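The residues making up each chain are set out below.
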Amino acid sequence: MTSGTRTIIHVDMDAFFASVEILDNPELEGKAVIVGGNPMGRGVVSAASYEARKYGVHSAMPMGQAVRLCPKGIVRPVRMSRYVELAREIHHIFHDFTPQVEPLSIDEAFLDVTGTVHLFGTIEKLGRKIKSDIKEKTGLIASVGIAPNKFLAKLGSDLDKPDGFVVITEANKRSVLDPLPVSKIWGVGKV
């Protein structure tokens, strides 16, 4: 991206709740971790590790269904206070790069770095520095999308998960967007 071009970074923590459970319990590394409510009740999946996702488990799914799809999955209860603690730490990191931070949820935010990118060299260096600082200070992995607007930045952060890094520019946006199905558009669902 050229100097003066509006530059937005979307940072999305990968499988945040499940990743925190694995961070706090390293024996869960590489296993299908499902975070959510009671599978015997009306609980729903809050997050699933990428290993659990291979079985079709995803957030907002009934826990009973998730356990049927992934019988060897390790179910963990939601520990919101721990997730909030780490989210605050991550959001403090964002403010090291720009005062213009717009949280989208507990585990994702838009960062307008238009006015600060010059302090870090290139936008690629800045995006990679955000990822490395999050990893170094929290032990967690984030995916990053960089683009001239929020829509494309959010789309970019989702294209190469986990541990993704996608830069969408005016020059490459057609080659990035054209092959994508319409379902990749933020907010477009099956209906």
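To be clear, the structure that these remarks concern was listed above.
A.B. asks: Honestly, helix 6 (residues 150-159) in this entry has me stumped. Any pointers?
C.D. replies: The periodicity of an α-helix, 3.6 residues per turn, causes residues three or four positions apart to be oriented the same way. Among the residues of helix 6, those classed as buried are L152, A153, K154, L155, G156 and S157. Of the surrounding elements, those touching the buried residues of helix 6 are strand 1 (8-13), strand 5 (101-105), strand 6 (108-112), strand 7 (142-147), strand 8 (165-167) and helix 7 (173-177). For helix 6, the N-terminal capping position is held by N149, with its side-chain oxygen 3.2 Å away from the main-chain nitrogen of F151.

A.B. asks: What is the right way to read the packing of aromatic side chains from this model?
C.D. replies: Each pair of aromatic rings is reported with the distance of its centres and the angle of its planes. Scanning the model with the defined rule gives four aromatic pairs in all. Residues F16 and F17 carry aromatic rings whose centres are separated by 5.9 Å and whose planes lie at 55° to one another, so their mutual orientation is tilted. Since its relative accessible area comes to 11%, F17 is described here as buried. Consider the rings of F17 and Y83, whose centres lie 4.1 Å apart with planes at 15°: the pair is stacked. You can see F17 sitting in helix 1 (residues 16-24) and its partner Y83 sitting in helix 4 (residues 80-94), a full 66 residues away along the chain. There is no split in this pair, since F17 and Y83 are both buried.

A.B. asks: How do you make sense of the pattern of salt bridges when you look at a structure like this?
C.D. replies: Charged atoms that come close allow side chains of opposite charge to pair. Enumeration according to the criterion identifies 15 salt bridges in this entry. A salt bridge links R6 to D112; the shortest N-O distance between them is 3.8 Å. Residue R6 is located in the segment before strand 1, and its partner D112 is located in strand 6; the two are separated by 106 residues in the primary sequence. A salt bridge links R82 to D24; its shortest N-O distance comes to 2.8 Å. Remark: D24 occurs in helix 1 and R82 occurs in helix 4; sequence separation between them is 58 residues. What makes D24 partly exposed here is its relative accessible area of 30%.

A.B. asks: Would you mind showing me how to read the nonpolar core here?
C.D. replies: As a rule of thumb, nonpolar side chains are buried together in soluble globular proteins. The biggest cluster of nonpolar side chains holds 35 residues, and the ones touching the most others in it are I9, V11, F16, F94, L111, I130 and I134. Of all the elements in the fold, those that place two or more residues in this core are strand 1, helix 1, strand 2 (33-36), helix 4, strand 6, helix 5 (123-138), strand 7 and strand 8. The element contributing the most residues to this core is helix 4, with six residues. Among the nonpolar cores identified, the runner-up in size contains 10 residues, and A32, V45, M61 and A66 belong to it.

Basis of the calculations
- Residues numbered from 1 in each chain as written.
- Predicted model: local features only at pLDDT ≥ 70, side-chain atom pairs only at ≥ 80, totals over all residues.
- Heavy atoms only, no water.
- Buried < 20%, exposed > 50% of the residue type's maximum accessible area, 1.4 Å probe, protein only.
- Helix = DSSP H or I, 4+ residues; strand = E, 2+ residues; numbered from the N terminus.
- Contact = heavy atoms within 4.5 Å.
- Polar contact = N/O pair within 3.5 Å; in protein donor to acceptor, adjacent residues only side chain to side chain.
- Phe/Tyr/Trp six-rings, centres within 6.5 Å; stacked < 30°, edge-to-face > 60°.
- Salt bridge = Lys/Arg side-chain N within 4 Å of Asp/Glu carboxyl O.
- Core = buried A, V, L, I, M, F, W, Y, C linked by side-chain atoms within 4.5 Å.

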